[in-house]
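Reading the structure
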Amino acid sequence: MSQPMNARIQALPPSLLQPRAKLSAQRICPCLRLQLEAFAHSKLLKTSLVSRDSFGWSKTQSVFAERSVKHSSELGALVTSGSQEVPATAFVDNDKIGVLLLNLGGPETLDDVQPFLFNLFADPDIIRLPRLFRFLQKPLAQFISVVRSPKSKEGYASIGGGSPLRRITDAQAEELRKALCDKNVPAKVYVGMRYWHPFTEEAIEQIKRDGITKLVVLPLYPQFSISTSGSSLRLLENIFREDEYLVNMQHTVIPSWYQREGYIKAMADLIEKELEKFDSPQEVMIFFSAHGVPLAYVEEAGDPYKAEMEECVDLIMEELERRTINNAYTLAYQSRVGPVEWLKPYTDETIIELGRKGVKRLLAVPISFVSEHIETLEEIDVEYKELALKSGIEQWGRVPALGCEPTFISDLADAVIESLPYVGAMAVSNLEARQSLVPLGSVEELLAAYDSQRRELPPPVVVWEWGWTKSAETWNGRAAMLAVLVLLVLEVTTGEGFLHQWGILPLFR
Ligand SMILES: C=CC1=C(C)c2cc3[nH]c(cc4nc(cc5[nH]c(cc1n2)c(C)c5CCC(=O)O)C(CCC(=O)O)=C4C)c(C)c3C=C
Ligand SMILES: [Fe+2]
């Protein structure tokens with residue numbers, strides 16, 4: 001797959017290689033009424049477009065490249081977004097632009113915790129059951145959510161009784177709307193959560209009511225994972241497929257954006273600022289802590305998450321080195337759930353190991369999510385800090401999540417603007433501007449690219465283990481096992497219950 005960059009560029013249609021005239025954003029009128037040439041022809045690009053084939057993200061790009069690619073024959077005009085030149089070909093009359101921010105969602109009150117967990121575990125991208133057992137998805141989700149909710153409630157109670165995610169995501173949406181407006185791209189920005197309000201379905205209803213004609217879908221996860229952006233996009237795909245309005249609405253997706261210069265710089269800014277608070281900043285170990293995923297996602301399903309995470313850390317460190325900050329650093333994975341193997345090294349084990357090796361100053365950098373949430377406010381700030389201090393770390397710091405940090409929001413706005421010419425077209429990326437490469441494609445194409453075979457994965461959460469095992473949920477698990485047995489006995493003796501509802505038990509009569 002891997003070829004020299006020049007060979008790859010030469011394989012592109014000549015129109016994409018021509019020098020382009022620059023048109024400043026000011027010359028694009030606010031309502032985007034640019035009469036530019038419409039998409040002219042389709043071509044099949046059979047080439048690998050990126051140089052880093054070893055990364056899963058690159059794999060996604062390569063798949064895009066092999067698909068039907070529409071592009072303008074004459075890209076005569078460009079808009080400026082940040083330092084990038086963006087072809088403005090797709091800006092046409094009377095378009096109403098929408099940006100849909102996809103996020104996880106979180107319980108707003110303690111009463112929301114169990115139903116929120118139910119929605120999470122009912123997601124087939126979180127617990128992927130073998131085909132034969134799919135009918136058990138919801139009963140299983142109900143069961144796990146009930147068993148887990150006391151522990152989760154404790155966590156949410158300790159951060160004020162609910163997740164701050166909705167408030168922060170709404171604020172990010174508003175700041176993004178303003179940033180787009182300042183860059184002469186008026187757009188409506190919507191928030192669609194996967195597991196809690198405002199649900200993606202609610203956002204889509206509003207998008208329809210508002211008569212949006214062009215939609216940019218932007219998951220708020222810098223790195224792509226099957227379990228996060230992938231799950232949200234799969235849901236979106238299902239919604240689109242069943243809706244006449246949406247089937248005809250042009251859209252594009254920005255599946256991941258960890259490699260964008262603005263994001264990397266914003267992260268480096270936060271780290272630099274936090275380092276200055278230490279006694280001897282140059283002696284601080286920079287400790288990137290990413291949310292984990294079960295190992296099988298990466299090794300069996302081809303999730304690009306780990307590769308993207310490692311590349312993201314490298315890019316941030318390169319940026320810091322350019323600022324003559326040459327601290328030691330490491331990456332570990334946190335928040336594993338259940339006893340299956342997750343991405344390693346684990347954050348808790350790494351902290352203990354670093355303490356043992358004599359590291360005295362640690363700066364934790366949450367890297368997989370751009371808002372404060374339970375895993376920064378409780379797990380990092382309380383649990384890991386305590387563990388670090390117990391393990392011999394003397395000075396502890398934590399970089400805040402990006403939230404509404406202006407450089408970051410401005411960069412997200414640039415990503416949206418750069419994607420606009422590709423709305424409605426299967427798109428290759430902005431090849432000439434490697435640094436701002438945004439992989440783009442339709443929802444269906446994207447999902448086909450990363451997960452076409454939809455392999456079965458072992459569930460990240462083992463529901464129960466027979467016998468008396470040691471795990472955080474042991475006692476809850478024992479109670480639940482007992483409950484299941486009681487339910488089975490009741491079902492058999494009374495002839496009523498979910499197994500009868502599903503038509504399973506009468507078979508054994
Ligand atoms: C990039 C970020 C995330 C990945 C990857 C991810 C995978 C993943 N998560 C679970 C299980 C749970 N996640 C929970 C909360 C939660 N998860 C993320 C992000 C990622 N998850 C966030 C930001 C949050 C917090 C939201 C908030 O309310 O603040 C929870 C609930 C909390 C708890 O009980 O610990 C669970 C459970 C799995 C199984 C998984 C990969 C398969
Ligand atoms: Fe999670």
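Read on for a plain summary of the structure. Within any chain, residue numbers begin from 1 and follow the written order of that chain's sequence. Chains carry letters and ligands carry numbers; both start at the beginning, A for chains and 1 for ligands, and go up in the order they are written. Per-residue local features are limited, in this predicted model, to residues with pLDDT of at least 70; the limit for side-chain atom pairs, both in listing and counting, is 80 or more; totals at the level of whole chains, interfaces and linings are taken over all residues. Here the side-chain values reflect all heavy atoms present in the structure, with hydrogen atoms and water set aside.

Turning our eyes to something else, we now look at helix 12 (residues 305–322). Helix numbering and strand numbering both begin at the N terminus, where a helix is a DSSP run of H or I of at least 4 residues and a strand a DSSP run of E of at least 2. Each residue after the first adds 1.5 Å to the expected span of a helix. Taking 1.5 Å per residue, 18 residues should reach 26 Å; helix 12 reaches 26 Å between its end C-alpha atoms and fits that length. Turning to helix 12, its buried residues are Y305, A307, E308, M309, E311, C312, V313, L315, I316, M317, E319 and L320. Just beyond helix 12, the residue with positive phi is T324, at close to 60 degrees. Using a 1.4 Å probe on the protein chains alone, a residue whose accessible area is under 20% of its type maximum counts as buried, one over 50% counts as exposed, and one in between counts as partly exposed.

A separate point is unusual backbone geometry. Of note, the bond from H197 into P198 is cis; its omega dihedral lies within 30 degrees of zero at -10 degrees. Cis peptide bonds are those with omega within 30 degrees of zero, and the linkage from K344 to P345 qualifies with 0 degrees. Examined against the element boundaries, P345 turns out to sit in the loop between strand 10 (329–334) and helix 13 (347–356). Of note in this structure, T324 is not a glycine but carries a positive phi near 60 degrees. Within the secondary structure, T324 sits in the loop between helix 12 and strand 10.

The environment of ligand 1 is formed by 30 residues, the closest being R148, S152, Y156, S163 and H291. As used in this structure description, the phrase polar contact means that two N or O atoms lie within 3.5 Å; if the pair is within protein, one of them must be able to donate a hydrogen and the other to accept it, and residues adjacent in sequence are counted only when both atoms belong to side chains. Contacts to ligand 1 include S163, whose side-chain N or O atom sits 3.0 Å from an oxygen atom. Between ligand 1 and H291, the relevant distance is 3.1 Å, taken from a nitrogen atom to a side-chain nitrogen or oxygen of the residue. Burial of ligand 1 by the protein amounts to 97% of the accessible area it has alone, namely 800 Å². Looking at the shell around ligand 1, the elements with two or more residues in it are helix 4 (113–121), helix 5 (137–158), helix 8 (226–241) and helix 14 (374–390). Element by element, the count of residues in the shell around ligand 1 is highest for helix 4, at four residues. Residue classes in the shell around ligand 1 are distributed as 19 nonpolar, nine polar and two charged. When residues of the shell around ligand 1 are sorted by domain, at least three fall in each of domain 1 (3–23 + 259–398) and domain 2 (112–162). Summary of the distance rule: residues count as near a molecule or strand when at least one heavy atom falls within 4 Å of that molecule or strand. Only the protein chains shown count as cover for residues, and all accessible areas are computed by the Shrake-Rupley method using a 1.4 Å probe. Three classes are used, and their members are as follows: Ala, Val, Leu, Ile, Met, Phe, Trp, Tyr, Cys and Pro are nonpolar, Asp, Glu, Lys and Arg are charged, and the others, Gly among them, are polar. By convention here, the domain bounds are inherited from an automatic or database domain assignment.

Moving on to the environment of Y305. Its place among the elements puts Y305 in helix 12. When its relative accessible area of 5% is taken as the criterion, Y305 is described as buried. Sequence separation of Y305 and F408 is 103 residues, and the distance between their C-alpha atoms is 21 Å. With near-sequence residues (within four places) excluded, Y305 lies in contact with Q223, F224, S225, A290, H291, V293, Y333, L343 and S368. In this structure the side chain of Y305 is engaged in a polar contact, spanning 2.5 Å, whose partner is the backbone oxygen of H291. The contact rule is simple, with two residues in contact once any of their heavy atoms fall within 4.5 Å.

What follows covers the packing of helix 6 (residues 165–182) against helix 15 (residues 406–419). Only the stretch in contact is used when fitting a helix axis, every axis being a line fitted to C-alpha atoms; angles between N-to-C directions are given from 0 to 180 degrees. Following both chains from N to C, one finds helix 6 and helix 15 inclined at 65 degrees, their axes separated by 9 Å at the closest point. In this structure, helix 6 crosses over helix 15, and the sense of that crossing is right-handed. Across the interface between the two elements, Q172, E175, L176, A179 and L180 from helix 6 touch F408, I409, L412, A413, V416 and I417 from helix 15. If you view the pair so one helix is near and one far, a crossing is left-handed when the near helix is turned anticlockwise from the far one by less than a right angle, and right-handed when it is turned clockwise.

In this section: the packing of aromatic side chains. Geometry of aromatic contacts follows a simple scheme: Phe, Tyr and Trp rings, the Trp one being its six-membered ring, pair when their centres are within 6.5 Å, and the pair is stacked under 30 degrees between planes, edge-to-face over 60, tilted otherwise. Scanning all chains against the criterion turns up six aromatic pairs. When the centroid spacing of 6.1 Å and the interplanar angle of 65 degrees are considered together, the rings of W196 and F199 count as edge-to-face. For the pair W196 and F199, a shared accessibility class is recorded, and that class is buried. With a centroid separation of 5.7 Å and 50 degrees between ring planes, the pair formed by Y221 and F369 is classed as tilted. One end of the pair, Y221, is in the loop between strand 7 (214–219) and helix 8; the other, F369, is in the loop between strand 11 (361–366) and helix 14, with 148 residues separating them in the sequence. You can call Y221 buried: its relative accessible area is 4%. The exposure class of F369 is buried, given its relative accessible area of 12%. Put simply, the rings of W257, Y263 and F408 touch in pairs and so form one group of aromatic residues.

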